Amino acid sequence: MTAQTKFFLDESRMPKHWYNIVADLPAPPPPVLHPGTKQPVGPDDLAPLFPMELIMQEVSAEREVPIPEPVRDVFRLWRPSPLVRAHRLEKVLGTPAKIYYKYEGVSPAGSHKPNTAIAQAWYNQQAGIKKISTETGAGQWGSSLAFAGALFGIEVKVFQVRISYDQKPYRRALMETYGATCVASPSNETNSGRAILAKDPNHPGSLGIAISEAVEVAATNDDTKYALGSVLNHVLLHQTIIGQEAIQQLEMAGDDPDIVIGCTGGGSNFAGIAFPFLGLQLRGGRKRRIIAVEPAGCPSLTRGKYAYDFGDTAHLTPLTKMHTLGSTFTPPGFHAGGLRYHGMAPLVSHLKELGLIEAVAFHQTQCFQAGVQFARAEGIVPAPEANHAVLGAITEAMRCKAEGRSEVILFNLSGHGHFDMSSYSAYMAGKLIDMPYDESELAMALSGLPSVTA
Ligand SMILES: *Cc1c(COP(=O)(O)O)cnc(C)c1O
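Residues numbered from 1 in each chain as written. Predicted model: local features only at pLDDT ≥ 70, side-chain atom pairs only at ≥ 80, totals over all residues. Heavy atoms only, no water.

(A) Highlighting the packing of aromatic side chains. Counted according to the given criterion, the structure contains twelve aromatic pairs. Plain terms: the ring middles of Phe 75 and Trp 78 are 5.8 Å apart, the flat faces sit at 70 degrees to each other, and that makes the pair edge-to-face. We classify Phe 75 as buried; its relative accessible area is 0%. Here a set of aromatic residues connected by ring pairs shows up, and it is made of Phe 75, Trp 78, Phe 147 and Tyr 178. Positioned above the aromatic ring of Tyr 100, the side-chain terminus of Arg 85 is 5.7 Å from the ring centre. (Phe/Tyr/Trp six-rings, centres within 6.5 Å; stacked < 30°, edge-to-face > 60°. Buried < 20%, exposed > 50% of the residue type's maximum accessible area, 1.4 Å probe, protein only. Lys NZ or Arg CZ within 6 Å of the ring centre and 35° of its normal.)

Here's what the structure looks like:
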């Protein structure tokens, strides 16, 4: 008899609620502040940017938020996603640990991001919104929202970070195939974009700048709202379907993870897999190690300051307390574009401060090495972002081997790398280097943090 590899959930067991970790936290997260008054923002302050249903989710403390049936109906195109036991990887590593991965690359856009894109597009449609503006780094979020917009009849405009616009023509083609419009950022279409271009016409762009442009378009056009693919509470909430499915699938497998791992850019896929497990613990269950893995070139959780900061470069967004490298920090151009963000989700940052999660940072060449090893054992080529989680899992599996322990490791394989093969080519040609961030730039960006008196 061969051991079972894949665990599929019946559609009828797809979660009917999202899990809101705020309900179970020992201390509430610090309030979001208005950038001008430095007072806590109310729902009305956010109304120009988001439909009210999403704002209410952003500030909700209800443990269970119902998933609307039309959203669940779209999810059935690829959900529940599979949980896989990585037998072959375990064998290659020679580890007594058991390794499981939850595979989110089965979505139409190839990552976990449609889990929130579909929900956000649906709430916007319900509010009568016809246009959404957004940003994208590596192109994963832009393609997910473009896909969601196509299903719900919403025009999507994507500000794509210049360097990825130039390097990833297929991501752009995917967004355009779904019907979205793509603009390279910084662009001439907004005040924020023009201000950057005036100083540096060849600026490679950053997520912080692209967010400024997308927010500006939404704030200055009555018919347009804004959507963010990570960081915010409601986005993390939408991703919790991942961990809730994984809990049921591990029960099917007869295992209980000792360690739960996810990569962190803005924190959404990590929250998606980790929060439901943390919830079990916060409600009296056993303690597990929960590990966030971030890029050494943009190490907000391990090197950033826990402070109030802006979410964007032009300082149009509210202030949130988070681990930040400074809103003007431009990370080096490493290949996991989806992880090049200066801040971390406030909820993930709060959990780190409470000592409920751990964080580690890895360089990109070790991550690609792990991704190649994973592909050669399990067949799936991970997205460069997901390679961080793969390396996190392999590192723990090798520690188990050294210690002779058969722990159970679960990680989130957040997406496939089919649109990122040029970065794999660069890796195999020996052209990838580990770019350290610029220490003096980090110091400068941190010295520019807004002052907020407690
Ligand atoms: C965007 C992206 C990430 C990083 O974003 P989070 O919000 O931290 O999840 C990770 N993996 C993939 C495949 C992505 O597309």
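There's plenty left to go through after this.
(B) Here's a closer look at the sheet that holds strand β6 (residues 131-136). With respect to topology, four strands assemble into an open sheet ordered β8-β7-β6-β9, the strand pairing being parallel. Of all strands in the sheet, those bounded by a partner on one side alone are β8 (181-185) and β9 (224-226). Each adjacent strand pair in this sheet contributes to an overall mean axis angle of 25 degrees, direction not counted. Note that β6 and strand β7 (residues 155-161) share six bridges and pair parallel. Counterpart to Ser 133 in the pairing with β7 is Lys 157. Across the sheet, helix α6 (residues 140-152) lies against β6 and β7, angled at about 160 degrees from β6, the strand it touches most. (Pairing = 2+ DSSP bridges. Helix = DSSP H or I, 4+ residues; strand = E, 2+ residues; numbered from the N terminus. Axes fitted to C-alpha atoms, helices over the stretch in contact; angles between N-to-C directions. Contact = heavy atoms within 4.5 Å.)

(C) Region of the structure containing the site of the ligand. Around the ligand there are 18 residues in total, and Lys 113, Ser 230, Gly 265, Ser 268 and Asn 269 lie nearest to it. In the model, an oxygen atom of the ligand is placed 2.7 Å from a nitrogen or oxygen of the Ser 268 side chain. Between the ligand and Ser 414, the relevant distance is 2.7 Å, taken from a nitrogen atom to a side-chain nitrogen or oxygen of the residue. For the ligand, whose unbound accessible area comes to 380 Å², protein coverage reaches 98%. In terms of residue class, the shell around the ligand is built from three nonpolar, 13 polar and two charged. (Near = heavy atom within 4 Å. Polar contact = N/O pair within 3.5 Å; in protein donor to acceptor, adjacent residues only side chain to side chain. Areas by Shrake-Rupley, 256 points an atom, 1.4 Å probe, with all protein chains shown as cover. Nonpolar A, V, L, I, M, F, W, Y, C, P; charged D, E, K, R; others polar.)

(D) Spotlight on the nonpolar core. Formed by 66 residues in total, the largest nonpolar core has its most connected members in Ile 118, Phe 275, Val 348 and Leu 410. The leading source of residues in this core is helix α13 (residues 268-282), at seven residues. What Phe 275 contacts, discounting residues up to four positions off in sequence, is Tyr 19, Ile 21, Leu 236, Thr 240, Phe 270, Leu 347, Val 348 and Leu 351. Among the nonpolar cores identified, the runner-up in size contains 43 residues, and Val 84, Ala 307, Phe 374 and Ala 397 belong to it. (Core = buried A, V, L, I, M, F, W, Y, C linked by side-chain atoms within 4.5 Å.)

(E) Representation of the sheet that holds strand β5 (residues 98-103) in the model. What the seven strands build is an open sheet, ordered β1-β4-β5-β15-β10-β11-β14; its pairing is mixed. Of all the strands in the sheet, the pair left with one neighbour each is β1 (6-7) and β14 (358-362). As paired strands, β1 and strand β4 (residues 83-85) are joined by two bridges and run antiparallel to one another. Looking at the pairing, Lys 6 lines up with Val 84 of β4. Helix-sheet contacts for α13 involve β5, β10 (259-263), β11 (289-295) and β15 (408-413), and the interaxial angle to β10 is about 160 degrees.

(F) Geometry of helix α17 (residues 384-403). For α17, with 20 residues, the first-to-last C-alpha span of 29 Å sits near the 28 Å given by 1.5 Å per residue. Among the 20 residues of α17, 14 are classified as buried, and the element is accordingly described as predominantly covered. (Expected span 1.5 Å × (residues − 1).)

(G) How the structure looks around the environment of Arg 303. For Arg 303, the position within the fold is in helix α14 (residues 300-303). For Arg 303, a relative accessible area of 41% puts it in the partly exposed group. Between the alpha carbons of Arg 303 and His 323 there is a distance of 8.2 Å; along the sequence they are 20 residues apart. Setting aside its immediate chain neighbours within four residues, Arg 303 contacts Glu 294, Leu 325, Tyr 437, Glu 439 and Leu 442. In terms of polar contacts, Arg 303 uses its side chain to reach the side chain of Tyr 437, at 2.3 Å.

By themselves, these are just geometric observations and shouldn't be taken as functional.
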